[in-house]
Protein chains: 2
Amino acid sequence: MPKRLNTRDPQFDAAFAQFLGEKRESSADVGAAVASIIDDVRTRGDAALIDLSKKYDHVDLEALGLRVSAEEMRRAREACSAETLEALEFATARIAEHHQRQLPTNERYTDERGAELGWRWTAVESVGLYVPGGLASYPSSVLMNVIPAKVAGVPRIVMVVPAPRGEINPLVLAAAEMAGIEEVYRVGGAQAVAALAYGTETIAPVAKIVGPGNAYVAAAKRQVFGAVGIDSIAGPSEVLVIADRHNNPEWIAADLLAQAEHDTAAQSILMTDDAEFGRAVEAAVLRQLQTLPRGNIAGESWNVFGAIIELQSLDEAPALADRIAAEHLEIATQDAEALGERIRNAGALFLGAYTPEMIGDYVAGPNHVLPTSRTARFSSGLGVLDFMKRTSILKLDRNALAELAPAAMALARAEGLEAHRSSAEIRLQSEQQPMPERASS
Amino acid sequence: MPKRLNTRDPQFDAAFAQFLGEKRESSADVGAAVASIIDDVRTRGDAALIDLSKKYDHVDLEALGLRVSAEEMRRAREACSAETLEALEFATARIAEHHQRQLPTNERYTDERGAELGWRWTAVESVGLYVPGGLASYPSSVLMNVIPAKVAGVPRIVMVVPAPRGEINPLVLAAAEMAGIEEVYRVGGAQAVAALAYGTETIAPVAKIVGPGNAYVAAAKRQVFGAVGIDSIAGPSEVLVIADRHNNPEWIAADLLAQAEHDTAAQSILMTDDAEFGRAVEAAVLRQLQTLPRGNIAGESWNVFGAIIELQSLDEAPALADRIAAEHLEIATQDAEALGERIRNAGALFLGAYTPEMIGDYVAGPNHVLPTSRTARFSSGLGVLDFMKRTSILKLDRNALAELAPAAMALARAEGLEAHRSSAEIRLQSEQQPMPERASS
């Protein structure tokens, strides 16, 4: 049974706070094991990757080779159905087109005191993408991680994916090839993250590592952070659907289940101002669950973490939605657009009854890597800017320096930093240009 | 003696790699102590803040009150010299003006299939700024952290600053007031970070915590990350100066010392294609050190971490500078602009002989909170975007859904996610609009 909350309930505030505070994941403490794996890879390089892959993935990389060959990539593509490849191509084009709009612009201007200012965006020089093996090996995630990096102009993008018993999902390789990745290694776990961060004989290190993974991968990313950049560490997925009674309960039920089928720790929340509609949705969920292939997973998620929040009025929705700060926010109300504008915190917004969240998972264009677990309060979905960085620019001539130096020198003195002060003063005291040409030049 | 490296040396590659790998900070392992402080604040709230401040800062917050009053802020301003206040105002205006240019724009468009797409930037709802006490209590850092948040539109900005023996640097309070902060608490250390993250009776929690601090503060930020957002954890500061012989060695020496005086762990690197010029700079550093108030600190930094890298040609500079990925990069060469364009990794670029880095520390406009310890390979200086987040938007009508659904459904099926597929299919199979109005409505 999903949780039921009602804003009319005098205990609502406490119940809602408790609901927000619920942990949906018990992150196994694998820190020590991961530290020793990272150490091993740093010390022994490829040999460690081979041994660890034998142990964890039951695969002999000495025989197969660490790198996935171009021929294997080609064969993987041939193993995919034409329909799926077409769908991947459709998705690739749309994701690329949307992300191109995110490309930032450089800035350069001269201010009224003659100082030249600005900034320049440059792509991260190299990126490693971790792709999980087995069931969670999703080609759509490959596209969502690689395309923004490509659009950003990252010159080198590497993919690592474990090959349990030698197997890699052909769709994952096909998606990688389609997105333009040529450098793929069949290694996973903390050892793959260590190889990307520190390099081995075969794998040159990268500057940033992205992509989802299990507890070992997450712990490894945390441990190598600083040596390299990482993306955010994703928690279980969630959806908040705000729906009034002008909806088909079956549609809304389907959306709640689409979220719930990801993972038993996923969370689906319905917020409605109509109790009867809420009950109709709940009944529809139970009906649809009976024929769902992943019904066990979805059912457990819905029963343990699902919730129906009844409002007295949709006016209560923005404040509550902001506290939930959902990864996915569907608004299916008469004035979805206006309600959406009143909500600050959400990873992605899906407006109107004909916008099921799943379109955003695959083909809409915006990224499906989004902030989970209330982190939409302070972070954004993956995008082009995650693969670029901004360098500020300052250029002064003697006059501009003379304009700016007095205030800077006063502050340096106030902060007790005399060498700071002096580095401006020494330039203003010199009568002549830097240094005369030497006779030898 | 600073390190000397020469690209002509056959051992250069190994020596340079070792140089890059040097640790400049031994971060004390205070994780367990910090975890117990955070626990204490979560359990006992204000009472824990009072006890911990008595213990660590020798201040009685029960008597003084946790919150700094408006009257104290006013008195602090009166305690500052007019010259310093004017300089702070000059800096405030310039920093605000530059950061306003960073404000991102929202996007909304309808694509050729009728799908409405876009994104919306919103400010983080509340931000806490940590300001260190004692010697490292810099008013310029207050401005650099607060102004981007103000420009982003953050509705609530809170400052915490420890008050050892009751004292707070009046310049810090004056800068806070000038930047528009009204909510200031005199508490520091891990306990302040815990209060910002989880809240106490007096301090409401925030969504993101920024600002520098000691090992305890850094560890506390790491531990509360996830519950709230944090900025990057800054390491010791560094400058790389690329200079040819057409420079006054005294000027360049002053810039190296301005960096070195920050901290014994700071790093100043000179890269030059002229050995004689390098020796002249080194001699000038020694001369200037003798009269520098913070000569002991600067001297230790220069002798332990300083370096002079001799190049055969300035053409070697970009590749080496990219590996150093300096926080501050000064280029004082004949063609500084062109050389700068060939370098990918740097936090901030200072072009030409009349652009000492210190101007950027105080009044230029760009932020002085910049990526340290080679993290400029994958991250940027603090800016307006650090206080905003992007929500993607999707809005479909029945026709647009019909255009996008087939590919999305094919991918959902390929990934084994039938409830995903079904949430699109169910909408396309229904003939009618969502749900008819009920008689009761």
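Residues numbered from 1 in each chain as written. Chains lettered and ligands numbered in written order. Predicted model: local features only at pLDDT ≥ 70, side-chain atom pairs only at ≥ 80, totals over all residues. Heavy atoms only, no water.

### A few points about the overall build of chain A
Within chain A one finds 18 helices and 14 strands. Long-range pairs, those at least 24 residues apart, make up 74% of the contacts in chain A with a sequence separation of at least 6. Of the roughly 16,500 Å² that chain A leaves accessible, carbon and sulfur atoms contribute 49%. Computed over 42 positive and 60 negative side-chain charges, the separation of the two mean positions in chain A equals 5 Å. (Helix = DSSP H or I, 4+ residues; strand = E, 2+ residues; numbered from the N terminus. Contact = heavy atoms within 4.5 Å. Areas by Shrake-Rupley, 256 points an atom, 1.4 Å probe, with all protein chains shown as cover. Lys, Arg positive; Asp, Glu negative; His and termini not counted. Charge placed at Lys NZ, Arg CZ, Asp CG, Glu CD.)

### Topic: helix 12 (residues 275-289) of chain B
All names here are of chain B. The terminal C-alpha atoms of helix 12 lie 21 Å apart, and with 15 residues this matches the ideal 21 Å at 1.5 Å per residue to within 8%. For helix 12, the set of buried residues is Phe-277, Gly-278, Val-281, Glu-282, Ala-284, Val-285, Gln-288 and Leu-289. Taken around the axis of helix 12, the buried residues stretch over an arc of 160°, which confines them to a single face. Here helix 12 starts with a cap whose side-chain oxygen sits 3.0 Å from the backbone nitrogen of Glu-276, and that cap is Asp-274. (Expected span 1.5 Å × (residues − 1). Buried < 20%, exposed > 50% of the residue type's maximum accessible area, 1.4 Å probe, protein only. Arc of directions from axis to C-beta. Polar contact = N/O pair within 3.5 Å; in protein donor to acceptor, adjacent residues only side chain to side chain.)

### Brief notes about the pattern of salt bridges
This model, assessed by the stated rule, comprises 54 salt bridges over all chains. With its nearest N and O atoms 3.0 Å apart, the salt bridge here joins Glu-71 of chain B to Arg-74 of chain B. Separated by 3 residues within a single helix, Glu-71 of chain B and Arg-74 of chain B lie in helix 5 (residues 70-78), roughly one turn from each other. The residue Asp-315 of chain B makes a salt bridge to Arg-342 of chain B at a minimum N-O spacing of 3.1 Å. In this pair, Asp-315 of chain B is assigned in the loop between strand 11 (307-310) and helix 14 (317-324) and Arg-342 of chain B in the loop between helix 15 (336-341) and strand 13 (348-351), connecting sequence segments 27 residues apart. With relative accessibility at 53%, the residue Asp-315 of chain B sits in the exposed group. One salt-bridge network, held together by shared partners, links Glu-71, Arg-74, Arg-75 and Glu-78 of chain A. (Salt bridge = Lys/Arg side-chain N within 4 Å of Asp/Glu carboxyl O.)

### Quick notes on the relation of the copies chain A and chain B
The two copies are related by a screw motion: chain A maps onto chain B through a turn of 180° and a shift of 0.0 Å along the axis, at an RMSD of 0.0 Å. With respect to symmetry, the two chain copies, as superposed, fit the operation of a two-fold axis. By C-alpha distance to the rotation axis, the residue of chain A lying nearest is Pro-104 of chain A, at 4.5 Å. (Least-squares fit on C-alpha atoms with pLDDT ≥ 70 in both.)

### With respect to the domain arrangement of chain A
Residues and elements named next belong to chain A. On domain assignment, one finds that chain A holds domain 1 (31-232), domain 2 (235-378) and domain 3 (397-441). Taking only C-alpha atoms into account, the centre of domain 1 sits 30 Å from that of domain 2. When domain 1 packs against domain 2, the two sides together hide about 950 Å² of surface, and 55% of this comes from carbon and sulfur. Considering only the surface of domain 1 that becomes buried against domain 2, Arg-94, Ser-140 and Met-144 emerge as the three largest contributors, covering 45% of it. (Domains from an automatic or database assignment. Buried area = accessible area lost by both parts, 1.4 Å probe.)

### What to know about the environment of Met-271 of chain A
Residues and elements named next belong to chain A. Along the chain, Met-271 falls in strand 10 (residues 267-272). Overall, the relative accessible area of 0% leaves Met-271 in the buried class. Those residues in contact with Met-271, other than ones at most four positions away along the chain, are Leu-240, Val-241, Ile-242, Ala-243, Ile-309, Leu-311, Ala-317, Leu-320, Ala-321 and Ile-324.

### Some words on the UniProt feature "binding site: substrate" (unreviewed entry) in chain A
With numbering matched to this structure, UniProt assigns "binding site: substrate" (unreviewed entry) to Ser-237, Gln-259, His-262, His-328, Asp-361, Glu-415 and His-420 of chain A. Spanning 184 residues, the named residues are also spread out in space, since their farthest C-alpha pair is 55.8 Å apart. Discounting chain neighbours no more than four positions away, the residues touching Asp-361 of chain A are Ser-140, Met-144, His-262, His-328 and His-368 of chain A together with His-420 of chain B. Following the sequence through the fold, Glu-415 of chain A ends up in the loop between helix 17 (398-414) and helix 18 (418-429). For Glu-415 of chain A, a relative accessible area of 10% translates into the label buried. Among all residues touching Glu-415 of chain A, those that are not within four sequence positions of it are Tyr-138, Pro-139, Ser-140 and Tyr-362 of chain B. (UniProt positions renumbered as here; feature names shortened; annotations may be inferred.)

### Description of the UniProt feature "binding site: NAD(+)" (unreviewed entry) in chain A
All names here are of chain A. According to UniProt, the positions carrying the feature "binding site: NAD(+)" (unreviewed entry) are Tyr-130, Gln-191 and Asn-214. In terms of the greatest pairwise C-alpha distance, the residues named above, spread along 85 residues, form a tight cluster of at most 12.6 Å across. Mapped onto the secondary structure, Tyr-130 falls in strand 4 (residues 126-130). Its relative accessible area of 4% is what places Tyr-130 among the buried residues. When residues no more than four places from it in sequence are discounted, the contact partners of Tyr-130 are Val-160, Pro-162, Gly-188, Gly-189, Ala-192, Val-193, Val-210, Gly-211, Pro-212, Gly-213 and Val-217. For Tyr-130, the side chain forms a polar contact with the main-chain nitrogen of Gly-189, separated by 2.7 Å. Here Gln-191 shows up in helix 9 (residues 189-198). Each residue touching Gln-191, except ones within four places of it in the same chain, is listed here: Ile-37, Val-41, Leu-49, Leu-52, Ser-53 and Tyr-56. Within the local environment of Gln-191, its side chain forms a polar contact with the backbone oxygen of Gly-188, the two atoms lying 3.2 Å apart.

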